[in-house]
Amino acid sequence: MAHMSTEREVPAVEDGRLVWPFPKPPPRVRLAYRELSVAANGRPEEIAALGNVRDLPRPWLPATCADPVLRIDLWKWLDRVAAWINHEYVFDPTGIIPACWPRHPHLIHELAVLADQRHRVHEALSSDLIEEWHRYTFPAFLERMRARMQSHCERQHTPWPSRSRYLNHVSDVELRKRTEAYAGDVRTSRVEADETASAPSAPRLSVVDPETGELLD
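Residues numbered from 1 in each chain as written. Predicted model: local features only at pLDDT ≥ 70, side-chain atom pairs only at ≥ 80, totals over all residues. Heavy atoms only, no water.

Describing the pattern of salt bridges
Pairing is possible between side chains of opposite charge, provided their charged atoms come close.
Part 1 of the reasoning: For the structure shown, the criterion picks out nine salt bridges.
Part 2 of the reasoning: Asp116 is the salt-bridge partner of Arg120, the closest N and O atoms lying 2.8 Å from each other. Of this pair, Arg120 and Asp116 are both found in helix α4 (residues 105-121), four residues apart, which corresponds to roughly one turn of the helix.
Part 3 of the reasoning: Of the residues examined, Arg120 reaches a relative accessible area of 30% and is grouped as partly exposed.
Part 4 of the reasoning: Where Glu174 meets Lys177, a salt bridge forms, and the shortest distance between an N and an O atom there is 3.6 Å. In this pair, Glu174 and Lys177 both sit in helix α7 (residues 172-198), three residues apart, roughly one turn of the helix.
Part 5 of the reasoning: Judged by relative accessible area, Lys177 falls into the partly exposed class, the value being 48%.
Part 6 of the reasoning: Here the salt bridges share partners, and the residues they tie into one network are Arg43, Glu45 and Glu46. (Salt bridge = Lys/Arg side-chain N within 4 Å of Asp/Glu carboxyl O. Helix = DSSP H or I, 4+ residues; strand = E, 2+ residues; numbered from the N terminus. Buried < 20%, exposed > 50% of the residue type's maximum accessible area, 1.4 Å probe, protein only.)

Quick notes on α4
An α-helical turn contains 3.6 residues, so a residue and the one three or four places further along point in the same direction.
Part 1 of the reasoning: Given a rise of 1.5 Å per residue, 17 residues ought to cover 24 Å, and the 25 Å separating the end C-alpha atoms of α4 matches this to within 8%.
Part 2 of the reasoning: Contacts made by the buried residues of α4 are with α1 (27-41), α3 (68-88) and α5 (128-149). (Expected span 1.5 Å × (residues − 1). Contact = heavy atoms within 4.5 Å.)

Right, dumping it as structure tokens:
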């Protein structure tokens, strides 16, 4: 059974190094990237061997990583990436990715994309991608994280503030109301479509410009 390693592979606060390298993806995550590369650039027979390429796991979409071993490798990688970002890029504490990020789906989605974009930098042969990551990707991530987290989870995990509203949204009562609204919209649209189809269309007269051949209403 897959399990999380207790081995610490994250930057130390004081180590003597000026910078730490970006965490390498674990084996199953590397395999996922390799298969995606084959799907995009491989020979026809290599692509065919992958099966349906639409079903390939994509590390930037954690929900597509159904294999348990791949999934635990992905979580380990994202955990190291979060620690690496906090050490290498965050000075003000408001930019720290909270330790409870796995308990926030929005942070999981965002962090997976952030890690993927940073990983692709190492495959580039120029500094264009890292400049884009520095200029746009990472600042945008920080801005969205701060806007969503506010002051929650600064010292410890805060339960989901919107939980009660979400439960109301998915309740049977509200679902029934939305279903009735959908049905009413469909009935109205069907009546309007029938009336339009049965109404005689008036002939459209046009005048032709004898010099250019343009149709003038």
